[in-house]
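# Inside the fold
Spelled out from the first residue to the last, the chains are:
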Amino acid sequence: MKYLDEYRDPVLAAKLVAEIHRITTRPWTLMEVCGGQTHTIVKQGIDEALPEGVRMIHGPGCPVCVTPLEQVDKALAIAARPDVIFTSYGDMLRVPGSTTDLLALKARGADVRIVYSPLDALKIAVANPDRQVVFFAVGFETTAPANAMAVSEAARRGIDNFSVLVSHVLVPPAMTALLESPNNRVQGFLAAGHVCAVMGWTEYEPIAAKYRVPIVVTGFEPLDLLEGILMAIRQLEEGRHEVENQYVRAVRREGVPLAQEQIFEVFEVGERTWRGVGEIPASGYRLREKYARFDAERKFDVGDIHTQEHPACIAGAILTGEKVPLDCTAYGAICTPQKPLGAPMVSAEGTCAAFFAAGRGLGGLRTLSPAMPLVQVAPISGGGAATTAEAAR
Amino acid sequence: MCLGIPGRVVEIRDDAGLPMGKVDFGGVRKDACLAYIPEVQLGDYVIIHVGFAISRVDEEEALKTLEILATMGDLVRAELATMGPGMDEPAVVSDDGTPVSGVFGAPVTGAPGGPA
């Protein structure tokens, strides 16, 4: 396919790897923000081809993975209602809530449907005027234009049996939170190309300046990632800390203004809890008051629900890059893509799922033994962030 | 869900006031909303994400990137030739440009860029 195959050329990739080796004189730690980038890096073994000492930390940029347990539990509470058709991107269906997941609920008779686009959910609402159709509006800035359009179209066309359960997260506040952390080891970022396609990169300029970190807007194909890594290392080696754009063919500095207008027509910025990370101020979108009638949380009055992460799951430390899946006792043993404990194993973009798909650390060392008590541990209560962080230590 | 894929716009239409179109992904055609990229023309490449065009692919820039990458191997070889054997363990590049040994020790064996 055009604009894909060209960026997977192994000869060009080898040239880029050689150039990275040539310019690298010191160890550097970089983070790729987006789960799609993590998938390519792990699948293609890009991290293993880098000079010794150059480390890729896999960032929190998987929307499925950072959706807080409370929101999943709210989704389950809404989806269980007989008057509801619950619609979602496919990845969210297997994300474990406190007691079950959407897929299991569907198997028990709930009307849960996978849609490719929120506009498909809107079509379902039009076709079923006597049912309530709810869309699980998760994602980063990339899905926000689509989710905002669905709400705005519902308002324009008077589709009142449509509502959205919003769990929108933003990249720059998460990067800032990571950089503020005393445990931070990230010296440079590959910013998520498609987030920047929508939003541009002006938000990243003050971050690069304040924290003195290079930020390279990077695409998703192997050559994009290698070039992004090369550009970030070149900045580090030269002592620069700027925002640069590797993904020139798709990203302009100002982003897509019409998409941004639509986002801010429907949403406003507010605090958001990230699964395994905790609450980050001004790190997500919520519906503006004028669109409150499309807010599923209000429509169905789903109250606060306690977070109960699995005690063996170190999702928080994985999401912040403090640990890798190979550090986890559950990885590959009691936590697999077929039966995930935590969100990073659910989505193909999650770090654990990416490692599992590439067969990393699965050399028969960890097999599920019936004698192992791990599977029977009772869930512990309390805040998810502290819980997973503690479990990680 | 989160992956954006480049495809070619093969149809543009108005769907009850919403600019929509069909986009071809190497033979598979899908509906997509084109509202955010009003300048899009038939035949343009766009990046589609959850059913929405979020960027028009700049053909000139796409080709430029590939050209730069294509010349890079020669630069690397030229640079290496000037280094001479002075370093403890100079990076060695094989005929296809793959580093086979070097200061970092780790040989690279066809890891990146395989068929995806």
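Residues numbered from 1 in each chain as written. Chains lettered and ligands numbered in written order. Predicted model: local features only at pLDDT ≥ 70, side-chain atom pairs only at ≥ 80, totals over all residues.

## Here's the deal with the pairing of strand 2 (residues 18–25) of chain B
Residue and element names in this part refer to chain B. Sheet analysis places strand 1 (residues 5–15) next to strand 2, joined by seven bridges and oriented antiparallel. Along strand 2, the bridge assignment pairs Val9 with Val23. Hairpin connection between strand 1 and strand 2: a loop of two residues separates the two successive antiparallel strands, and Ala16 in this loop has a positive phi of roughly 50 degrees. Judged from the six bridges that link them, strand 2 and strand 3 (residues 28–33) form a sheet pairing that is antiparallel. Pairing of Gly21 across the sheet is with Ala32, part of strand 3. (Pairing = 2+ DSSP bridges. Helix = DSSP H or I, 4+ residues; strand = E, 2+ residues; numbered from the N terminus.)

## Some points on the sheet that holds strand 8 (residues 215–218) of chain A
Residue and element names in this part refer to chain A. The five strands are arranged 2-1-7-8-9 in an open sheet whose pairing can be described as parallel. On the outer flanks of this sheet lie strand 2 (54–61) and strand 9 (243–245), each paired with one strand and no other. Within the sheet, the average angular offset between the axes of one strand and its neighbour, ignoring direction, is 25 degrees. The pairing of strand 7 (residues 188–192) with strand 8 spans four bridges and is parallel. Following the sheet pairing, Phe189 is matched in strand 8 by Ile215. (Axes fitted to C-alpha atoms, helices over the stretch in contact; angles between N-to-C directions.)

## Thoughts on the pairing of strand 7 of chain A
All names here are of chain A. When you tally the buried positions in strand 7, you get five out of five residues, the bulk of the element. As paired strands, strand 1 (residues 28–34) and strand 7 are joined by three bridges and run parallel to one another. The residue of strand 7 that forms the bridge with Glu32 is Leu190. (Buried ≥ 20, exposed ≤ 12 C-beta atoms within 10 Å, placed from the backbone.)

## Considerations on the nonpolar core
In terms of nonpolar packing, the biggest core is built from 151 residues, with Ala191(A), Leu226(A), Ile229(A) and Ala53(B) touching the most fellow members. The greatest single-element share of this core, amounting to nine residues, is contributed by helix 12 (residues 222–238) of chain A. Split by domain, this core shows at least three residues from each of two domains, domain 1 (1–306) and domain 2 (315–362 + 372–392) of chain A. Ignoring any residue separated from it by four or fewer positions in sequence, one finds Ala191(A) in contact with Val33(A), Cys196(A), Trp201(A), Tyr204(A), Ile215(A), Val216(A), Val217(A) and Thr218(A). (Core = buried A, V, L, I, M, F, W, Y, C linked by C-beta atoms within 7 Å. Domains from an automatic or database assignment. Contact = placed C-beta atoms within 7 Å.)

## Points about helix 8 (residues 144–156) of chain A
Under the 1.5 Å per step criterion, the end-to-end length of helix 8 of chain A is 18 Å for 13 residues, consistent within 8% with the ideal 18 Å. Of the positions making up helix 8 of chain A, those classed as buried are Ala144(A), Pro145(A), Ala146(A), Asn147(A), Ala148(A), Met149(A), Ala150(A), Val151(A) and Ala154(A). (Expected span 1.5 Å × (residues − 1).)

Functional significance is not addressed by these values, which are geometric in nature.
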